[in-house]
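Fold and geometry: a report
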Amino acid sequence: MFSHLKSQRVNLQLLQEAAHNELVQHLERIEGSKVVVLDKALVLPLGLVTEVKVFTERNIKLIVLSGELDVPKDVTNIIYIVRPQVSLMDQVGNHVMKLGQQGRQFHIFFVPRRSCLCEKQLENKGYLSSFGSVEELSWNFLPLDADVVSMELPHAYRDVTIDGDTTSLYQAAMGLVQLQRLYGRIPKIYGKGVQAQRVWDHAKQLAINEKSLYNGDKGAIDQLILLDRGIDLLTPLATQLTYEGLIDELFGIQQNKLMMPAHHFPASNIGIAGDSFAKLLGFPNTKIISLHSGEEGYSELRNKHFNEVIRLLERKVKELNIEMNKYSREHSVRQLHIFVDKLKILEEEKRAMSQHTEIATLIQTQVNEYTFAEDVAAEQEFMVCADIDKTSVYIEDQIARKNELRNVLRLICLQCAAASGLKEKVLNSYKRDLAQVYGLEVLLTVSNLEKAGLLYPQTESRSYAVLRKTLRLTVEDSVEVEPKDISYVHSFYAPLTTRLVELSLKPLGWQSLKSQITNLPGPTFEDFQAQLIGIGGRHVGTTPSEGSLLHVPRVVLVCFVGGCTFAEIAALRFLAAQEDNHVEFVVATTNIINKHTFLDSVMGS
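Parameters at a glance
Residues numbered from 1 in each chain as written. Predicted model: local features only at pLDDT ≥ 70, side-chain atom pairs only at ≥ 80, totals over all residues. Heavy atoms only, no water. pLDDT = per-residue confidence, 0-100. Helix = DSSP H or I, 4+ residues; strand = E, 2+ residues; numbered from the N terminus. Contact = heavy atoms within 4.5 Å. Phe/Tyr/Trp six-rings, centres within 6.5 Å; stacked < 30°, edge-to-face > 60°. Salt bridge = Lys/Arg side-chain N within 4 Å of Asp/Glu carboxyl O. Buried < 20%, exposed > 50% of the residue type's maximum accessible area, 1.4 Å probe, protein only. Core = buried A, V, L, I, M, F, W, Y, C linked by side-chain atoms within 4.5 Å. 1 Å grid on protein atoms, 1.4 Å probe; cavity = no way out; pocket = protein on both sides within 12 Å on 5 of 7 lines; lining within 4 Å. Points joined across faces, edges and corners; volume = space filled by probe spheres on them. Nonpolar A, V, L, I, M, F, W, Y, C, P; charged D, E, K, R; others polar. Pairing = 2+ DSSP bridges. Axes fitted to C-alpha atoms, helices over the stretch in contact; angles between N-to-C directions.

Now for the confidence of the model for the protein chain. For the protein chain, per-residue confidence averages 89 on the pLDDT scale, and residues scoring 70 or more make up 91% of the total. Ranking the elements of the protein chain by mean pLDDT puts helix H22 (residues 544-548) last with 41 and strand S7 (residues 148-150) first with 98. This stretch, residues 531-548, has a pLDDT under 50; its non-local contacts, to residues over four places away or in other chains, come to 26 contacts.

This is how it looks when you write it as structure tokens:
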């Protein structure tokens, strides 16, 4: 159904098809005419596992959950597909009260699992008996691309660190078990951080309880690396400088969809780009562009530094113009026939390049602004530990000008991460200035940042300053165009998480790393689920087919607990592209984050 998800080793099309089949089975068990009422937050995620035609072919109407429902009179079944949130149950209950007297049957599908609290809420209101079926769609991980799966939980980090809600950790564990059901047992497990350890403890217990999985053979994935977001809070606060990272930070990417004002694009290109689910959200005058590896040209551009993207686009446009003008002069009928066949492909490439040129132009406009350059310069000073033990003149100036609070807090948190905590007088000075300029209520937001581990007083440990040198987190001679090191994703800073993964690929990698990362918060752990024989955990066989497996790249599943950025994904793809590493990565994450969405979630009330 989604060809861009297909790959040789860990084919995520299987995950998508499993989710699709689960949905279809639940729908087909319900007899009679149907309407599906979708939780607004699930509209775009639904497009990751199925297509609109699944509903249209069955004459099922799709409606977004709201206060009032316009349900056709001839519909006998109303099916709710919702997240397990108690706040949504009141809306569902009101619908049952208004529509239930018309002889209709109600059904509810929870994503990704049933909730006792939600069912109790419906029972207390007297509505649960009106539901003919209460089911769950176990969509723990949703496939975003051929090498990325996400739980799409925007507040996963906040839920655990601030609200104490560990539901996302259990879901991540369930997701890991689900992946092992599809792709086989993972023999080697390494991890760092408190929440990463909790996820693995849950997953291991679930696997043991599922005896067929516990006794299963090693599958397509050789190794799992679990990383707690809390061990590296500098990376999500830093400005990403890859093409995909900048698109996400400046315009926002939701479930592979970029939504832009239509006036930026030629009239012929305006519309919902092959995604009818987005029409349900009713965005007027909006161009919706799909962004994944199946889109023409995007896979080549997405992981590049933005400075390289400009050059690539210029070159691509020139090549396209030459190709399309090749047959402008007289040629034989045979040559013209070949050209006509190729014209459709060239037109599609031209459309894609036109879109990306427009997007790059909009990015360039913002990147060239003085404030953008000044922010990045301030970030880079913190990253090299310059004057981090005193209040920043740049931050104080931002506060005095009453600039955007979110950006001010981001820079303060970034300084805190680089300094491994702020000196008490520095922290108090920032708090005092913030309260005077933005009002006392800002202290409630600061309290959330402290609970989330983004702001805290300095101790004797200087973990970042030490790791910056021992792990080469900052590279002064980093190259942005045709780079040689993962530091290109932030111009000269290598994400700590990705550097750990890179070093773990070396001989005795994780064993040698353990002593270097003791200062990072949380436990360092490792586990083994199968007897390891041969190189990279592969079984050494006597037959040629088994022996040939030794020459196949290792597959490493990197699981970020608390979210990861597009820059981190780009860095992992860069490592996979280096032949010496002989590795393929699959990324699993609670959600894709950037400096804005991460801080918004933590700051939110």
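Still more to cover.
Okay, the packing of aromatic side chains next. Under the defined criterion, the tally for this structure stands at six aromatic pairs. Among the aromatic residues, those joined into a cluster by ring pairs are Tyr190, Trp510 and Phe528.

Next up on the list: the pattern of salt bridges. This model, assessed by the stated rule, comprises 30 salt bridges. Here Arg573 ties to Asp147 by a salt bridge, and the two come within 2.9 Å at their closest N and O atoms. You can see Arg573 sitting in helix H23 (residues 566-577) and its partner Asp147 sitting in the loop between strand S6 (142-145) and S7, a full 426 residues away along the chain. Of the two residues, Arg573 and Asp147, both sit in the buried class. Among the ionic contacts, a cluster of salt bridges with common partners joins Asp145, Asp147, Glu244, Arg302 and Arg573.

Here the focus is the nonpolar core. In terms of nonpolar packing, the biggest core is built from 138 residues, with Phe55 and Leu454 touching the most fellow members. Of the residues forming this core, the biggest block, 10 residues, is contributed by helix H16 (residues 405-419). Excluding its chain neighbours within four sequence positions, the residues that come into contact with Phe55 are Leu23, Leu27, Val36, Leu46, Thr50, Ile60, Leu62 and Phe277. Ranked by size, the runner-up nonpolar core spans 34 residues in total, among them Val160, Ala220, Ile221 and Cys559.

On to empty space enclosed by the protein, then. Evaluated as defined, the whole model comprises five cavities of 30 Å³ or more. In this structure, the largest cavity occupies an estimated 60 Å³ of space. In terms of lining residues, the largest cavity is bounded by Ala156, Tyr157, Val160, Thr161, Ser168, Leu169, Gln195, Asp228, Val561, Gly562 and Thr590. Looking at the lining of the largest cavity, the elements with two or more residues in it are helix H6 (156-161) and helix H7 (167-183). Among the elements that make up the lining of the largest cavity, the one with the highest residue count is H6 (four residues). Of the residues that constitute the lining of the largest cavity, the class distribution is five nonpolar, five polar and one charged. Here the second largest cavity defines a volume of roughly 50 Å³.

Attention now moves to the sheet that holds strand S5 (residues 131-136). Taken together, the five strands give an open sheet; going across it, the order is S2-S1-S3-S4-S5, and neighbouring strands pair in parallel fashion. A strand with exactly one partner marks an edge of an open sheet, and here the two such strands are strand S2 (61-64) and S5. Direction aside, neighbouring strands of the sheet carry axes that sit 20 degrees apart on average. Of the pairings in the sheet, the one linking strand S3 (residues 77-82) to strand S4 (residues 105-110) comprises six bridges and is parallel in character. Across the sheet, Ile79 pairs through a bridge with His107, a residue of S4.

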